[in-house]
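Take a look at the letters that make up each chain.
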Amino acid sequence: MTAPLLQVRQLCRRYTLPRRKPWEPAPVVDALIDASFTIEAGRSLGIVGESGSGKSTLARLVMALDTPTRGQVLLDGQDLHALPPRALRAARRDFQMVFQDPYGSLDPRHTVERIVAEPLAALDTPNAMTAADQRQRVRATLESVGLRPSDLGKYPHEFSGGQRQRIAIARALVTRPRLIVADEPVSALDVSVQAQVLNLMVDMQQQYGVTYLLISHDLAIVNHLCSDVAVMTQGRIVELAPAAQIFSAPQHPYTRLLLDAAMV
Amino acid sequence: MPLLDVQNLRVDLRTHRGSTAAVRSVSFALEHGDTLGLVGESGCGKSLTALALMGLLPEAAQVSGSIRLQGQELIGLDEPALCRLRGNRIAMVFQEPMTALNPLHRIGQQVAEPLRRHQGLGAAAARTEALALLQRVGIPQAAQRLDQYPHQFSGGQRQRITIAMALACKPALLLADEPTTALDVTVQRQILDLIQGLVQEHRMGLLLVSHDLGLIARNTARLLVMYGGSVVESGPTASVLQAAAHPYTRGLLAARPRLQPHAAPHAPGGAQRLPTIAGTVPELADLPPGCPFAGRCGWTQPRCHTEVPPNVPQATPAHSARCLRPEALEAQP
């Protein structure tokens, strides 16, 4: 039996706050407490919760952008936080991230081509692609997210919010990852633009077989893209179930509140 | 006489591409105790409409038409007259409570400020009144917290404080521009319930501006849907949401992911596509002189670009949509 795509085991992250008084121990905050879940390839997981519930901390740990206090993140059975830096860099090919703010996450001084090519250049693997191959890959990826080849030389400010999020998705897809961690990918967008980006994410799921770890405060969006849903409050996963079950028989009171808010 | 009567409100903005109309002939009325929602996507003119009512438009804006508050014309009033009005008869709750509050002043003083300014209360009387207001909006241990600064409160509490400020002088009209967009879902519900309760208590008129159709649906009796600076559809909230007539309103409603069990199970590739609205919102300067939705609408005819669409009444009384093509409004979605 092959290992699942992503396994998160008893993941904890404790942050130390500034000392209030020199003779007292520094206060701590447990941002993430014993988070465990498994994502099988093709079964996207949505994480919902309010601000401060630890969902972005979880995303950062899964992306190996932060080190856990305790616990493991296994991608294809490989513990990301135990890998030497070089091996981690090579492993990053398989997991990429899309951020919330399409204005803040793209470097305003870089052309679209350079932005989208950057993950390829950063991979630093022995069998690196030639420049021509990279260019070809960037073009193909941009086309698949609905941008034109003539957009390659443009800068981020020349695009609308929805188009920028397409560029961010193209950047995440360019290494052909198996997992994309998307932190509130559509919450900065208008309703009609949001629908276009969600459709793109569905298409990419089908075209490239990407699995999402989708973070959102909106249950309807999670329900649209994900097979399973985890509900978080105060650093803990309080409910984890298939989307349909969360929808029809929510167990936790906070899940019910979220459901209530999503109904018209 | 209605509490608020807006007729042919127009706001022109000076941009680098010349003067463009950001709000075009918007008309509506609001009675005491009435709740009206203003919904639309970014750039549709909903916030500018609210700012025009407050006399807070940016310098580069030119406003025309008529805004009557209890019979008094507000357009053309000078700044001192507007100052006597703001925070007194009209008050506004903004999106970002941290920017709406002054970080250097204690919250007790900030809530007391309109009372001292408009009602001439002394410092002690204003402080007592401010305490009562903070208690009414649900700030725990208000007496002890009067002398704290905004950064010592959570986002939801800060929004409660700005609501207390807005209500200090018992305004006749309350404007709320995206009051809960910066807040968590659970807090959002509490803040809206608070606003609802206060509106009923004081028989205020409420104008709620939001991009969120669900929020408008739960909190208003009537709504206006704006697109490209115009009101494209208006009517009782339930009727507009259940029997949306304008192609834009329909597109907007269909584009939202629904919270319902999927027909197909969540097999790989099981998620369905959402219907989208073709094209993108044009820049203000590029809006056609006729219907603003012309070109993006599936029913577009050549005359849509040039002729201003009439207001077509719908089955439910007071529900109407602006469109040149009755067959587009009657089409089954």
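Check the entry above for the structure.
Presented here is an overview of the structure given in this document. (Residues numbered from 1 in each chain as written. Chains lettered and ligands numbered in written order. Predicted model: local features only at pLDDT ≥ 70, side-chain atom pairs only at ≥ 80, totals over all residues.)

### Observations regarding the overall build of chain B
For chain B, the helix and strand inventory stands at 12 helices and 12 strands. In terms of overall size, chain B behaves like a compact globule, its C-alpha atoms giving a radius of gyration of 21 Å where 333 residues would be expected to give roughly 20 Å. Along the first, second and third principal axes, the C-alpha set of chain B runs to 65 × 55 × 40 Å. Within chain B, the proportion of its 333 residues that are buried is 44%. Long-range pairs, those at least 24 residues apart, make up 63% of the contacts in chain B between residues at least 6 apart in sequence. (Helix = DSSP H or I, 4+ residues; strand = E, 2+ residues; numbered from the N terminus. Rg over C-alpha atoms; globule rule 2.2 N^0.38 Å. Buried ≥ 20, exposed ≤ 12 C-beta atoms within 10 Å, placed from the backbone. Contact = placed C-beta atoms within 7 Å.)

### Let's talk about the pairing of strand β1 (residues 4–15) of chain B
Residue and element names in this part refer to chain B. Taken together, the 8 bridges between β1 and strand β4 (residues 61–69) define a ladder with antiparallel strand orientation. Following the sheet pairing, Leu4 is matched in β4 by Leu69. For β1 and strand β2 (residues 18–30), the ladder comprises 9 bridges, and the chain directions are antiparallel. When the bridges of β2 are listed, Thr15 appears paired with Gly18. What sits between the antiparallel neighbours β1 and β2 is a turn of 2 residues. (Pairing = 2+ DSSP bridges.)

### Here's the deal with the pairing of β4 of chain B
Residue and element names in this part refer to chain B. Both β4 and strand β5 (residues 72–73) contribute to a ladder of 2 bridges, which runs antiparallel. The residue bridging Arg68 from the neighbouring strand is Glu73, located in β5. Following β4, the chain reverses through 2 residues before pairing antiparallel with β5; Gln70 in that reversal takes a positive phi of roughly 45°.

### Considering the sheet that holds strand β6 (residues 90–93) of chain B
Residue and element names in this part refer to chain B. Read from one edge of the open sheet, 8 strands run β6-β7-β8-β3-β9-β10-β12-β11, paired in mixed fashion. Two strands lie at the open edges of the sheet, namely β6 and β11 (311–313), each paired on one side alone. Sheet twist, expressed as the average angle between the axes of neighbouring strands with direction ignored, equals 20°. The sheet contact formed by strand β7 (residues 173–177) and strand β8 (residues 205–210) spans 5 bridges and is parallel. Residue pairing for β8: Ala176 is matched across the bridge by Leu208. On top of the sheet, helix α1 (residues 46–54) reaches β3 (35–39), β6, β7, β8 and β9 (222–227); it is set at about 145° to β7, its chief contact. (Axes fitted to C-alpha atoms, helices over the stretch in contact; angles between N-to-C directions.)

### Regarding the interface of chain B and chain A
Residue-level contacts link 28 residues of chain B with 32 residues of chain A. At the level of elements, α8 (185–202), α9 (213–219) and α11 (247–254) of chain B are the ones that each hand at least two residues to the side of chain B that touches chain A. Here the element with the most residues in the side of chain B that touches chain A is α8 of chain B; it accounts for 4 residues. Across the side of chain B that touches chain A, the residue classes break down as 12 nonpolar, 10 polar and 6 charged. (Nonpolar A, V, L, I, M, F, W, Y, C, P; charged D, E, K, R; others polar.)

### Looking at the sheet that holds strand β5 (residues 78–79) of chain A
Residues and elements named next belong to chain A. One open sheet accounts for 4 strands, arranged β2-β1-β4-β5; its pairing is antiparallel. The sheet is open, and its two borders are formed by β2 (28–39) and β5, each paired with just one other strand. As defined by bridge partners, strand β1 (residues 6–16) adjoins strand β4 (residues 70–75) across 5 bridges and the pair is classed as antiparallel. Note on β4: the bridge partner recorded for Arg9 is Gln72.

### As for the packing of helix α5 (residues 161–173) of chain A against helix α6 (residues 191–208) of chain A
All names here are of chain A. With their axes 9 Å apart at the nearest point, α5 and α6 run at an angle of 20° to one another. By the angle between their directions, the pair α5 and α6 is classed as roughly parallel. Judged by the twist between their axes, the crossing of α5 over α6 is right-handed. Listed contacts from α6 to Gly161, Gly162, Gln165, Arg166, Ile169 and Leu173 of α5 are Val193, Gln196, Val197, Leu200, Met204 and Tyr208. Residues of the contact of α5 with α6, tallied by class, amount to 7 nonpolar, 4 polar and 1 charged. (Parallel < 35°, antiparallel > 145°, perpendicular 65-115°, else oblique. Left-handed = near helix turned anticlockwise from the far one by under 90°.)

### Remarks on helix α1 (residues 55–62) of chain A
Residues and elements named next belong to chain A. Burial runs high along α1: 6 of the 8 residues are buried. Restricting attention to buried positions, one finds in α1 the residues Lys55, Thr57, Leu58, Ala59, Leu61 and Val62. Directly beyond the C-terminal end of α1, a positive phi value near 55° is found at Ala64.

### Here we look at helix α5 (residues 123–136) of chain B
Residues and elements named next belong to chain B. Taking 1.5 Å as the rise per residue, α5 with 14 residues should run 20 Å; its terminal C-alpha atoms sit 20 Å apart, in good agreement. What α5 keeps buried is the set Ala126, Ala130, Leu133 and Leu134. Seen end-on, α5 carries its buried residues on one side only, within an arc spanning 95°. In α5, the exposed positions that point more than 90 degrees away from the buried face belong to Ala124 and Ala132. Residues of α5 that are buried make contact with α4 (107–119), α6 (142–145) and α7 (155–167). Once α5 ends, the next one or two residues include Gly138, with phi positive near 85°. (Expected span 1.5 Å × (residues − 1). Arc of directions from axis to C-beta.)

By themselves, these are just geometric observations and shouldn't be taken as functional.
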